[in-house]
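Observations on the model geometry
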Amino acid sequence: MANRHRGEIEAEIGGRRRTLVLTLGALAELESAFAASDLVALAQRFGSGHLSARDLLRIIAAGLRGAGEAVSDDEVAAMTVAGGATGYAMIAAELIAATFGEAA
């Protein structure tokens, strides 16, 4: 079961209930992927409301890896979620909110 106090969420991805968390390592991975200079810049990017499909993929994949899953971005790209594109966006939004606070 996910522990929201640790920034964890649960989501059904690829037909399985999975835990996601943006650990410090996962956040560093995202800083690099998004060329963000620091966590504030990363949070601002996420808060802009302009995330591409590739952005959603990176966020979800980093969250899965942060929770201990050994998955590549390509493997995550092949996974499906209920609700299609909206489902992916909702998972990423919930993960970002659990990491940075509900205002993010």
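The structure presented is a predicted model; accordingly, all values stated were derived computationally and were not measured.

A separate point is the pairing of strand S1 (residues 9-13). On any regular strand, side chains alternate: one points to one face of the sheet, the next to the other face. Of the two faces of S1, the one holding Ile 9, Ala 11 and Ile 13 is buried and the one holding Glu 10 and Glu 12 is not buried anywhere. Relative to strand S2 (residues 16-20), S1 runs antiparallel, the two being bridged by 5 bridges. Residue pairing across strands places Glu 12 opposite Arg 17, the latter belonging to S2. Here S1 hands over to S2 after 2 residues, with Gly 14 in that stretch at a positive phi of 65 degrees.

Let's shift gears to helix H2 (residues 39-47). Between the side-chain oxygen of the N-cap and the backbone nitrogen of Val 40 there are 3.1 Å, and the N-cap of H2 in question is Asp 38. Just downstream of H2, Gly 49 is the residue with a positive phi angle, here 80 degrees.

One non-glycine residue with positive phi stands out, namely Ala 35, at about 50 degrees. Within the secondary structure, Ala 35 sits in the loop between helix H1 (24-33) and H2.

Applying the stated criterion across every chain, the model contains 7 salt bridges. For Glu 29, the salt bridge goes to Arg 65, with nearest N and O atoms at 2.3 Å. Here Glu 29 is found in helix H1, whereas its partner Arg 65 is found in helix H3 (residues 53-66), with 36 residues between them in sequence. For Asp 73, the salt bridge identified is with Arg 65, shortest N-O distance 3.0 Å. Residues joined by salt bridges that share partners form a network here, namely Arg 16, Arg 18 and Glu 69.

Right, let's talk about the environment of Ile 91 for a bit. With respect to the element layout, Ile 91 can be found in helix H5 (residues 84-100). Residue Ile 91 is classed as buried on the basis of its relative accessible area, which comes to 9%. Between the C-alpha atoms of Ile 91 and Ala 33, which are 58 residues apart in sequence, the distance is 19 Å. Apart from the residues within four sequence positions on either side, Ile 91 is in contact with Ile 9, Ala 11, Glu 12, Ile 13, Leu 20, Ile 60 and Val 81.

What counts as what
- Residues numbered from 1 in each chain as written.
- Predicted model: local features only at pLDDT ≥ 70, side-chain atom pairs only at ≥ 80, totals over all residues.
- Heavy atoms only, no water.
- Buried < 20%, exposed > 50% of the residue type's maximum accessible area, 1.4 Å probe, protein only.
- Helix = DSSP H or I, 4+ residues; strand = E, 2+ residues; numbered from the N terminus.
- Pairing = 2+ DSSP bridges.
- Polar contact = N/O pair within 3.5 Å; in protein donor to acceptor, adjacent residues only side chain to side chain.
- Salt bridge = Lys/Arg side-chain N within 4 Å of Asp/Glu carboxyl O.
- Contact = heavy atoms within 4.5 Å.

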